[in-house]
Amino acid sequence: MNDLEMYREQLALCDDKIIDALLERNAIIEKIMAYKEEYGMAILQPAQEAKQERRWQERLRGSKYQEEILDVFERIVRNSKRIQARKLFSYNIVLIGFMGAGKTTISDYLSTMFDMKIVEMDQVIAEKEEMSIPDIFATYGEEYFRDLETKLLIEMQSQKNTVISCGGGAALREENVIEMKKNGRVVLLTASPETVHERVKDSDDRPVLGKNKSVERIAELMEKRREKYEAAADIVVQTDGKSILQICEELIKKLLEMDE
Ligand code: S3P
């Protein structure tokens, strides 16, 4: 055997070790998940994640491969998150609620923490139509936009493990709710008219509110929609005065309770 063949053999043995270590690591991830679930502990623990990261950095300090190895760890962690998400949710998480209730923020956070795919309905529709939402409303009218929402929700049924952030009006059509539930669980995020006002007052992309974004107008429209939102929801999470992490934890807890 020449040296090159010997090195290749050593490399193959190294790969075997990595595979064994990853298999063991993933099994441990599943055990941690099961433990947290059994004892009703918080599933998301960003502080623990940061601690792990510090540990790798410490361990790799001074190594000439620090950057490359940290890059590998980033992928390992991302895949661990995916394993967690698959174990926890075998369905899509569909976020509904009034404009400014936090759908986009919460879907971003969930998708980061679980490495789940994310579909921001308004964004996908705007990209497909090559037009902003206000322009779609102005050019083709609300009904046309609502039809696009229905079509997209039907398309989403072939997806799994995706966070779908719906436009604020998507859950108002009964037909849409039926489509949402075919492969998803519907989470209603709520916020007070005052909170919504704070969040939307400076944005120009809410044609339904138009120029009149007063608390009274928001409260009135919210009340009009309330019954339909509540009827659509599998679970409800109230967001006022809570941190993103608290909202996500409550959401996860309530989703898991549905399986009990
Ligand atoms: C709408 C909400 C918007 C967008 C469109 C209509 C509504 O989405 O879909 O402007 O009827 O509530 P956000 O809730 O994401 O703002």
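For the structure, check the block above.
Quick look at the structure, then.

Rules used throughout
- Residues numbered from 1 in each chain as written.
- Predicted model: local features only at pLDDT ≥ 70, side-chain atom pairs only at ≥ 80, totals over all residues.
- Heavy atoms only, no water.
- Near = heavy atom within 4 Å.
- Polar contact = N/O pair within 3.5 Å; in protein donor to acceptor, adjacent residues only side chain to side chain.
- Areas by Shrake-Rupley, 256 points an atom, 1.4 Å probe, with all protein chains shown as cover.
- 1 Å grid on protein atoms, 1.4 Å probe; cavity = no way out; pocket = protein on both sides within 12 Å on 5 of 7 lines; lining within 4 Å.
- Sits in = over half its atoms within 2 Å of the grid points.
- Helix = DSSP H or I, 4+ residues; strand = E, 2+ residues; numbered from the N terminus.
- Nonpolar A, V, L, I, M, F, W, Y, C, P; charged D, E, K, R; others polar.
- Points joined across faces, edges and corners; volume = space filled by probe spheres on them.
- Core = buried A, V, L, I, M, F, W, Y, C linked by side-chain atoms within 4.5 Å.
- Buried < 20%, exposed > 50% of the residue type's maximum accessible area, 1.4 Å probe, protein only.
- Contact = heavy atoms within 4.5 Å.
- Salt bridge = Lys/Arg side-chain N within 4 Å of Asp/Glu carboxyl O.
- Axes fitted to C-alpha atoms, helices over the stretch in contact; angles between N-to-C directions.
- Parallel < 35°, antiparallel > 145°, perpendicular 65-115°, else oblique.
- Pairing = 2+ DSSP bridges.

**Focus: the site of the ligand**
Looking at the ligand, there are 14 residues lining it, with K103, D122, R146, R206 and R225 nearest. Between the ligand and G168, the relevant distance is 2.8 Å, taken from an oxygen atom to a main-chain nitrogen or oxygen of the residue. A total of 390 Å² of accessible area belongs to the ligand in isolation, and the protein chains cover 96% of it. Counting atoms within 2 Å of the grid points, the majority share of the ligand lands in the second largest pocket. Looking at the shell around the ligand, the elements with two or more residues in it are α6 (133-140) and α7 (142-155). Residue classes in the shell around the ligand are distributed as 6 nonpolar, 3 polar and 5 charged.

**Thoughts on the layout of surface pockets**
One number sums up the size of the largest pocket: a volume of about 1000 Å³. Contributing to the lining of the largest pocket are 30 residues, with R25, I29, Q52, W56 and V77 lying nearest its centre. Elements represented by at least two residues in the lining of the largest pocket include exactly α1 (3-38), α2 (46-60) and α3 (66-88). Sorting elements by how many residues they give to the lining of the largest pocket places α2 first, with 9 residues. Residues of the lining of the largest pocket, tallied by class, amount to 14 nonpolar, 6 polar and 10 charged.

**Describing the nonpolar core**
What tends to happen in soluble globular proteins is that the nonpolar side chains get buried as a cluster. Ranked by size, the top nonpolar core spans 34 residues in total, and within it I96, F98, C166 and M180 carry the most contacts. Elements with a contribution of two residues or more to this core: β1 (92-96), α5 (121-129), α6, α7, α8 (174-183), β4 (184-190), α9 (193-200) and α10 (215-232). When near neighbours in sequence (up to four residues on either side) are disregarded, C166 contacts V94, L95, I96, K103, M121, L153 and M180. Y91, M116, V187 and I235 belong to the second-largest nonpolar core, a separate cluster that totals 26 residues.

**Re the pattern of salt bridges**
In the structure shown here, the tally under the stated rule is 19 salt bridges. Taking the shortest distance from any N to any O, the salt bridge between E179 and K182 comes out at 3.2 Å. With E179 and K182 both in helix α8 and 3 residues apart, this pair spans about one turn of that helix. On the basis of relative accessibility, which here comes to 53%, the residue K182 falls in the exposed class. Sharing partners across several salt bridges, the network here consists of E142, R146 and E149.

**Comments concerning the packing of α3 against helix α4 (residues 103-114)**
Here α3 crosses α4 at 110°, and the two axes come no closer than 7 Å. The angle between α3 and α4 places the two elements in the roughly perpendicular class. Contact with α3, carried on its side by K81, R82, Q84, A85 and L88, involves T112, M113 and F114 of α4 and no other residues of that element. Broken down by class, the residue content of the contact of α3 with α4 amounts to 4 nonpolar, 2 polar and 2 charged.

**A short note on the sheet that holds β1**
Strand order in the open sheet formed by 5 strands is β2-β3-β1-β4-β5, and the pairing between neighbours is parallel. At either margin of the open sheet sits one strand with a lone partner, and together these are β2 (117-120) and β5 (235-238). For this sheet the average axis-to-axis angle between neighbouring strands, irrespective of direction, equals 20°. Summarising the sheet, β1 and strand β3 (residues 162-165) pair through 3 bridges and their orientation is parallel. Note on β3: the bridge partner recorded for V94 is I164. Each of β2 and β3 touches α5; the most contacted strand, β2, lies at about 70° to it. Across the sheet, helix α11 (residues 244-257) lies against β1, β4 and β5, angled at about 160° from β5, the strand it touches most.

**Examining the packing of α5 against α7**
To describe two helices that pack against each other, one gives the angle between their axes and the distance between the axes. Packing of α5 against α7 brings their axes to within 10 Å, and their N-to-C directions diverge by 110°. With respect to each other, α5 and α7 are oriented roughly perpendicular. Taken together, the residues of α7 that come into contact with α5 (itself represented by M121, D122, V124, I125, K128 and E129) are Y144, F145, L148, E149, L152, L153 and E155. Tallied by class, residues from the contact of α5 with α7 come to 8 nonpolar, no polar and 5 charged.

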